[in-house]
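Structural overview
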Amino acid sequence: MRPTFADLQPAPPDAILGLAEAFRADPRTDKISLASGVYVDESGTTPVLQTVLEAEQRILHGQTTKLYKPIAGDPAYTHAVRELLFGAEHQALAEGRVETLHTPGGTGALRVAADLVRRLRPASTVWLSSPTWPNHPQVFDAAGLDTRTYPYLDGARGGLDFEGMLGALAAAAPGDVVVLHACCHNPTGIDPTPEQWEAIAALVDVRGLLPLLDFAYQGFGDGLNEDAVGLMTMARSGRELLVASSFSKNFALYAERVGALSIVASTRPEAHALLSHAKVAVRANYSNPPAHGGEIVATILLDPALRARWEDEVTAMRERINGNRARFVEGLEGAGAPIEPAPLLRQRGMFSLLGLTTEQVARLRTEFGVYVVGRGRVNVAGLTGRNIGPACAAIAAVLAG
Ligand SMILES: Cc1ncc(COP(=O)(O)O)c(C=O)c1O
């Protein structure tokens, strides 16, 4: 019998995780990784938050069962998540128009959202920013949905190509999905202004689009509430909306796979109906969510003292990121790199996009052992007192040609 997989070629390595493997295999001792999408502290490690450790102690002592969670997750968790995202007083919550499911990370939330759209509106196209997180097209493709892109980066000015974005989305068909990074756009760090969010919301209404907000970095830009400005704008006026949120970064719970899909409908019965379809998608996918991460998040968010300490931990991560960004720009200028400081300083979140060519990115890696993603996406959290000098010098060298 002929082996079925005899002619199979290997799939290409994951754009970001593949780079991490290459970094690990690099024998140079002075190599620098600015490629990963995780927060690291000054020692280059990703510690467990103190509030997470404390919540885990409580869970360990109080746990009596490992029974399955409900398909949509524990109500305590989904309630806490909804209040964190929208604010406890939000009208949509009071009207019972928001349903939330606990998902395995933000990726799980995106996939459940994709499955839900595929189930209810199989002909919809999903519009993604160009550039975007490389897993986005893959997730929607895997769910059987067509994807298209809208321009996002104005290469010349290093800002948002807002006209290009609105122009492309004006061609979207009613019912199409538009994926918007709620804050700290990955990989550009460029977010719409509050006025631009208003204009995007108006276009969504005129075209009859379904916004899907990908909220993976709440608290890493300007603050937990400040970073929700896009979500708050979209969630006004009874608009239908999906929100894929993640606690991988702001709780540093990467490996626990904890996130949520929130469905904002125009009426309570519609929200219930949508939830029931999302639950079918979950059941056919991973059946029900993993317990531990959700229990940690609920323990922290529902205890006012722990929550206050967690907010301080988020602030500390954000302040280190923002401080690093300023030092990075200073370091690049000091090394003589021909960069425009203002657009780089305006970028938000962990990432800074330098707009390098493929050749420059390859030179950074082969000649200098400096690893960055795509067109020069730098994780500014990865910069430390020790590596910032050599990293800036290497970037200046490849920019000099
Ligand atoms: C834009 C964006 N969306 C979603 C995710 C998914 O996060 P998670 O690890 O929670 O699946 C990430 C993670 O890097 C991301 O950058």
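Residues numbered from 1 in each chain as written. Predicted model: local features only at pLDDT ≥ 70, side-chain atom pairs only at ≥ 80, totals over all residues. Heavy atoms only, no water.

Here's the deal with empty space enclosed by the protein
Going through the model one piece at a time under the given rule, you end up with one cavity of 30 Å³ or more. Considering the residues around the largest cavity, the lining is formed by Tyr150, Tyr152, Met165, Leu180, His181, His185 and Pro192. (1 Å grid on protein atoms, 1.4 Å probe; cavity = no way out; pocket = protein on both sides within 12 Å on 5 of 7 lines; lining within 4 Å. Points joined across faces, edges and corners; volume = space filled by probe spheres on them.)

Considering the pattern of salt bridges
Considering all chains together, one arrives at 14 salt bridges under this definition. A salt bridge links Asp222 to Arg348; its shortest N-O distance comes to 2.9 Å. Separated by 126 residues along the polypeptide, Asp222 in the loop between β8 (210-215) and α9 (229-234) and Arg348 in the loop between α13 (341-346) and β11 (351-353) bring together distant segments of the chain. The exposure class assigned to Asp222 is partly exposed, which follows from its relative accessible area of 43%. Residue Arg348 is classed as partly exposed on the basis of its relative accessible area, which comes to 22%. (Salt bridge = Lys/Arg side-chain N within 4 Å of Asp/Glu carboxyl O. Helix = DSSP H or I, 4+ residues; strand = E, 2+ residues; numbered from the N terminus. Buried < 20%, exposed > 50% of the residue type's maximum accessible area, 1.4 Å probe, protein only.)

Some points on the domain arrangement of the protein
Taken domain by domain, the protein comprises domain 1 (17-47 + 315-400) and domain 2 (68-302). Taken over C-alpha atoms, the centre of domain 1 sits 28 Å from the centre of domain 2. Contact with domain 1, which involves 19 residues of that partner, is made by 21 residues of domain 2. Both faces considered, domain 1 and domain 2 share a buried interface measuring about 1,500 Å² in area, 59% of it formed by carbon and sulfur atoms. The tally of links between domain 1 and domain 2 comes to one salt bridge. Applying the counting rule to domain 1 against domain 2 returns eight residue pairs in polar contact (both at pLDDT 80 or more). Counting residues per element, the ones that place at least two in the side of domain 1 that touches domain 2 are α12 (304-334), α13 and β11. (Domains from an automatic or database assignment. Contact = heavy atoms within 4.5 Å. Buried area = accessible area lost by both parts, 1.4 Å probe. Polar contact = N/O pair within 3.5 Å; in protein donor to acceptor, adjacent residues only side chain to side chain.)

Focus: the site of the ligand
Neighbouring the ligand are Gly105, Gly106, Thr107, Trp133, Asn186, Asp214, Ala216, Tyr217, Ser246, Ser248, Lys249 and Arg257. Taking Gly106, its main chain carries an N or O atom lying 2.7 Å from an oxygen atom of the ligand. Taking Ser248, its side chain carries an N or O atom lying 2.6 Å from an oxygen atom of the ligand. Considering the ligand on its own, with 390 Å² of exposed area, one finds that the protein chains cover 91% of that surface. The biggest single contributor to the shell around the ligand is helix α5 (residues 105-120), with three residues. Here the shell around the ligand is built from residues that sort into three nonpolar, six polar and three charged. (Near = heavy atom within 4 Å. Areas by Shrake-Rupley, 256 points an atom, 1.4 Å probe, with all protein chains shown as cover. Nonpolar A, V, L, I, M, F, W, Y, C, P; charged D, E, K, R; others polar.)

Considering the sheet that holds strand β9 (residues 241-246)
Reading across from one edge, β2-β10-β9-β8-β7-β3-β4 is the order of the seven strands in this open sheet, with mixed pairing throughout. Two strands lie at the open edges of the sheet, namely β2 (98-103) and β4 (146-151), each paired on one side alone. The mean inter-strand angle of the sheet, taken between neighbouring strand axes irrespective of direction, is 25 degrees. Inspection of the sheet shows β2 paired to strand β10 (residues 259-264) by six bridges, in the antiparallel sense. Bridge pairing in β10 links His102 to Ala260. (Pairing = 2+ DSSP bridges. Axes fitted to C-alpha atoms, helices over the stretch in contact; angles between N-to-C directions.)

Re helix α8 (residues 194-207)
The first and last C-alpha atoms of α8 sit 20 Å apart over 14 residues, in line with the 20 Å expected at 1.5 Å per residue. Along α8, the positions that sit buried rather than exposed are Gln196, Trp197, Ile200, Ala201, Leu203 and Val204. For α8, the arc enclosing every buried residue in end-on projection is 160 degrees, short of the 170-degree limit, so these residues lie on one face. Opposite the buried face of α8, at more than 90 degrees from it, the exposed residues are Glu195 and Val206. The elements touched by buried residues of α8 are β6 (159-160), α7 (162-169), β7 (177-181), β8 and α9. Remark: Gly208 follows α8 within two positions and exhibits a positive phi of approximately 70 degrees. (Expected span 1.5 Å × (residues − 1). Arc of directions from axis to C-beta.)

Some details on helix α3 (residues 75-86)
Helix length check: α3 (12 residues) gives 16 Å between terminal C-alpha atoms against 16 Å at 1.5 Å per residue, within 8%. Within α3 the residues assigned to the buried category are Tyr77, Thr78, Ala80, Val81, Arg82, Leu84, Leu85 and Phe86.

Considerations on the packing of α7 against α8
At a closest axis distance of 10 Å, the pairing of α7 and α8 adopts a crossing angle of 10 degrees. Judged by the angle between their axes, α7 and α8 are roughly parallel. Seen from α7, the contacting residues are Phe162, Met165, Leu166 and Leu169; seen from α8, they are Gln196, Ala199, Ile200, Leu203 and Arg207. Within the contact of α7 with α8, the residues separate by chemical class into seven nonpolar, one polar and one charged. (Parallel < 35°, antiparallel > 145°, perpendicular 65-115°, else oblique.)

Things to note about the pairing of β2
Burial analysis of β2 places six of its six residues in the buried class, the great majority of the element. Burial of β2 is two-sided: the residues Val98, Thr100 and His102 facing one way and the residues Glu99, Leu101 and Thr103 facing the other way are all buried.

Structural notes on the packing of α5 against helix α10 (residues 268-283)
The relative placement of two packed helices comes down to the angle between their axes together with the axis-to-axis distance. Here α5 crosses α10 at 115 degrees, and the two axes come no closer than 9 Å. The pairing of α5 with α10 is recorded here as roughly perpendicular in orientation. Judged by the twist between their axes, the crossing of α5 over α10 is right-handed. Two secondary-structure elements touch here, α5 through Val112, Asp115, Leu116, Arg119 and Leu120 and α10 through Leu274, His277, Ala278, Val280, Ala281 and Val282. Grouping the constituent residues of the contact of α5 with α10 by class yields eight nonpolar, one polar and two charged. (Left-handed = near helix turned anticlockwise from the far one by under 90°.)

What about the packing of aromatic side chains?
Across all of its chains, the model carries eight aromatic pairs by this definition. With centroids separated by 6.5 Å and ring planes inclined at 45 degrees, the aromatic side chains of Tyr217 and Phe220 adopt a geometry described as tilted. In this structure, Tyr217 and Phe220 share a single accessibility class: buried. Judged by centre distance (5.8 Å) and plane angle (85 degrees), the rings of Tyr217 and Phe351 are edge-to-face. A residue pair is termed long-range when its members are at least 10 positions apart, and Tyr217 in the loop between β8 and α9 and Phe351 in strand β11 qualify at 134 residues. For Tyr217, a relative accessible area of 7% puts it in the buried group. Connected via pairs of aromatic rings, a cluster forms that spans Tyr39, Tyr217, Phe220 and Phe351. Looking at Lys31, its charged tip hangs above the ring of Phe23, at a distance of 4.7 Å from the centre. Lying over the aromatic face of Phe351, Arg377 brings its terminal NZ or CZ to 3.8 Å of the ring centre. (Phe/Tyr/Trp six-rings, centres within 6.5 Å; stacked < 30°, edge-to-face > 60°. Lys NZ or Arg CZ within 6 Å of the ring centre and 35° of its normal.)

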